[in-house]
Amino acid sequence: MSQHLMNTYNRQPVTFARGEGVWLWDQHGKRYLDALSGVAVNGLGHAHPKLLTAINAQAARMIHVSNIYQIAEQAALADKLCAVAGMDKVFFCNSGCEANEAAIKLARLYGHQRGIENPEIIVMERAFHGRTMATLSATGNRKAQAGFEPLVSGFVRVPFDDLDAVEQIAAHNKNVVAVLVEPVQGEGGINIPHDVAAYLQGLRRICDSHGWLLMVDEVQSGIGRTGTWFAFQHTAIVPDVMTLAKGLGSGVPIGACVAHGAAADVFSYGKHGSTFGGNPLACAAALATLDTIAEDKLRENAQQQGDWIREQFLQAFKDVPGVLKVRNAGLMIGIELDRPCGELVAQALEAGALINVTADSVVRLLPSLIIQREEAAQLVAILVPLIKQFLTVGAK
């Protein structure tokens, strides 16, 4: 590894040379089942032919022009996103944290337009919204925030999946203008509300009654991963603002802040911008991604394969001390253990599978949406004995 790279990542000792489908090969030819997909980015897997065709064709025509001009691919992508989301307008950027920055700015401007001098946003414990100063401040992870104080003010934190706590804030804080929530917390440990529909509907009701914006962070849960285009679509609500990135471009960097109703017209000329956001190449990749997910029924596949994988783990671990919970929302899968388990990442790598551990004790799996039953079975066959051995050794 180059001595000139900053030490911001604890990298695993492997360098990949190529990928195909759900598989990666390292420089020595060893094959790995990719159950992380670039942290929910490579929804179409690696080297998907429809994606490659779209990227190559667009690169041959035009990679980038400034947002000073009309961009046909951007307009087409905005139309498609709004159609599948039931929302109205889109701002394009390059990443999830930038999409969330846009949402935070939108909420603050919304508050100022309503005469609130110090607008505040309700955020959740264990949330993760990014690593810029504002999104880091909104994040509910002290480990990630440590050393970067002073944090940005204007955030009020409550427990996740607790409507009563939000009601309490509503009763006493007149500066609140919005709620920012992940329908499923990814970095926080694949945390799923006990009743997703009731939780999001409750937040929608509170926001409506107080004139707040309901803003959903779908950076990790969006683009088909939970079995619907967006996780909020497991309910009957429509948010005022939704943020996207990760799987939207299948590896080509792109983020989006999507708005509905009054929120769609908060930004005006000159209030926000991005040099690279929504350029032709990124939008072509995103359009190909959305088309392929629809044509190949990958939302349905995500739900079916994710539920099957969860059931296999539940059966395998039903009498295993140390496994606390197995949960999933489509292909967002978490296996929560009773102890820190970071060493499982290296053990799985050695066994030929790419996984992740988040929140110290949750094995997180985010396979590509294209994963099939045979590949899902191989993943289960690799991980079950590894986790059982890890818990057995740790108990001695």
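**Student:** What is the right way to look at the overall build of the protein chain in this model?
**Tutor:** Counting its secondary structure elements, the protein chain contains 12 helices and 15 strands. Dimensions along the principal axes, computed over C-alpha positions, put the protein chain at roughly 60 × 55 × 45 Å. Burial analysis of the protein chain (396 residues in total) assigns 54% to the buried set. Carbon and sulfur atoms form 52% of the exposed surface of the protein chain, whose accessible area is close to 17500 Å². Taking the average location of the 33 positive side-chain charges in the protein chain and that of its 38 negative ones, the two points are 2 Å from each other.

**Student:** Help me understand empty space enclosed by the protein in this model?
**Tutor:** A probe matching the size of a water molecule, rolled over the atoms, marks out where space remains unfilled. Considering all chains together, one arrives at one cavity of 30 Å³ or more under this definition. The calculated volume of the largest cavity comes to roughly 70 Å³. In the lining of the largest cavity, the residues fall into five nonpolar, six polar and one charged.

**Student:** Please clarify how the packing of helix 3 (residues 72-85) against helix 9 (residues 280-295) should be interpreted in this entry.
**Tutor:** To describe two helices that pack against each other, one gives the angle between their axes and the distance between the axes. The geometry of helix 3 relative to helix 9 is characterised by a closest axis approach of 8 Å and an angle of 35 degrees between their N-to-C directions. Regarding helix 3 and helix 9, the two cross each other, and that crossing is left-handed. The segment helix 3 lies against helix 9, with Glu73, Gln74, Ala76, Leu77, Lys80 and Leu81 engaging Pro280, Cys283, Ala286, Leu287, Leu290 and Asp291.

**Student:** It is not clear to me how the layout of surface pockets should be interpreted in this structure. Could you clarify?
**Tutor:** Roughly 670 Å³ of internal volume is contained in the second largest pocket. For the lining of the second largest pocket, the per-class residue count stands at 13 nonpolar, nine polar and three charged.

**Student:** Explanation requested: helix 3 in the structure shown.
**Tutor:** Given 3.6 residues per turn, any residue in an α-helix points the same way as the ones three and four places further on. Given a rise of 1.5 Å per residue, 14 residues ought to cover 20 Å, and the 20 Å separating the end C-alpha atoms of helix 3 matches this to within 8%. Along helix 3, the positions that sit buried rather than exposed are Glu73, Leu77, Ala78, Leu81, Cys82 and Ala85. Summarising the axial view, the buried residues of helix 3 lie within an arc of 160 degrees, below the 170-degree limit, and thus occupy one face. Away from the buried face of helix 3 by more than 90 degrees, exposed residues Ala72, Asp79 and Ala83 are located.

**Student:** Would you explain unusual backbone geometry in this entry?
**Tutor:** With an omega dihedral of 5 degrees, the bond running from glutamate 149 to proline 150 counts as a cis peptide bond. Topologically, proline 150 is positioned in the loop between helix 6 (142-145) and strand 6 (155-158). The backbone phi angle of serine 37 is positive, close to 45 degrees, even though this residue is not glycine. In this fold, serine 37 is placed in helix 1 (residues 37-40). On the basis of relative accessibility, which here comes to 0%, the residue serine 37 falls in the buried class. The phi torsion at lysine 246 lies on the positive side, around 35 degrees, for a residue other than glycine. Secondary-structure assignment places lysine 246 in the loop between strand 9 (241-244) and strand 10 (255-259).

**Student:** Would you mind going over the environment of valine 363 with me for this structure?
**Tutor:** Its location among the elements puts valine 363 in strand 15 (residues 362-365). Looking at valine 363, the relative accessible area reads 1%, which means it is buried. In this structure the C-alpha to C-alpha distance between valine 363 and isoleucine 335, which are 28 residues apart in sequence, comes to 5.0 Å. In contact with valine 363, other than residues within four places in its own chain, are Ile333, Gly334, Ile335, Cys341, Leu344, Ile355, Asn356, Val357 and Ile387.

**Student:** Is there a simple way to explain helix 7 (residues 163-172) in this structure?
**Tutor:** Of all the positions in helix 7, only Ala165, Val166, Ile169 and Ala170 are classed as buried. Each buried residue of helix 7 lies within a common arc of 145 degrees when the element is viewed along its axis, so the set occupies one face. For helix 7, exposure combined with an orientation more than 90 degrees from the buried face picks out Asp164 and His172. The inward-facing, buried residues of helix 7 contact strand 5 (120-124), strand 6, strand 7 (176-181) and helix 8 (196-210). Two or three places before aspartate 164, at the start of helix 7, stands the capping residue aspartate 162, its side-chain oxygen 3.2 Å from that residue's backbone nitrogen.

Definitions and limits used
Residues numbered from 1 in each chain as written. Predicted model: local features only at pLDDT ≥ 70, side-chain atom pairs only at ≥ 80, totals over all residues. Heavy atoms only, no water. Helix = DSSP H or I, 4+ residues; strand = E, 2+ residues; numbered from the N terminus. Buried < 20%, exposed > 50% of the residue type's maximum accessible area, 1.4 Å probe, protein only. Areas by Shrake-Rupley, 256 points an atom, 1.4 Å probe, with all protein chains shown as cover. Lys, Arg positive; Asp, Glu negative; His and termini not counted. Charge placed at Lys NZ, Arg CZ, Asp CG, Glu CD. 1 Å grid on protein atoms, 1.4 Å probe; cavity = no way out; pocket = protein on both sides within 12 Å on 5 of 7 lines; lining within 4 Å. Points joined across faces, edges and corners; volume = space filled by probe spheres on them. Nonpolar A, V, L, I, M, F, W, Y, C, P; charged D, E, K, R; others polar. Axes fitted to C-alpha atoms, helices over the stretch in contact; angles between N-to-C directions. Left-handed = near helix turned anticlockwise from the far one by under 90°. Contact = heavy atoms within 4.5 Å. Expected span 1.5 Å × (residues − 1). Arc of directions from axis to C-beta. Polar contact = N/O pair within 3.5 Å; in protein donor to acceptor, adjacent residues only side chain to side chain.

Interpretation in functional terms is not warranted from these geometric data alone.
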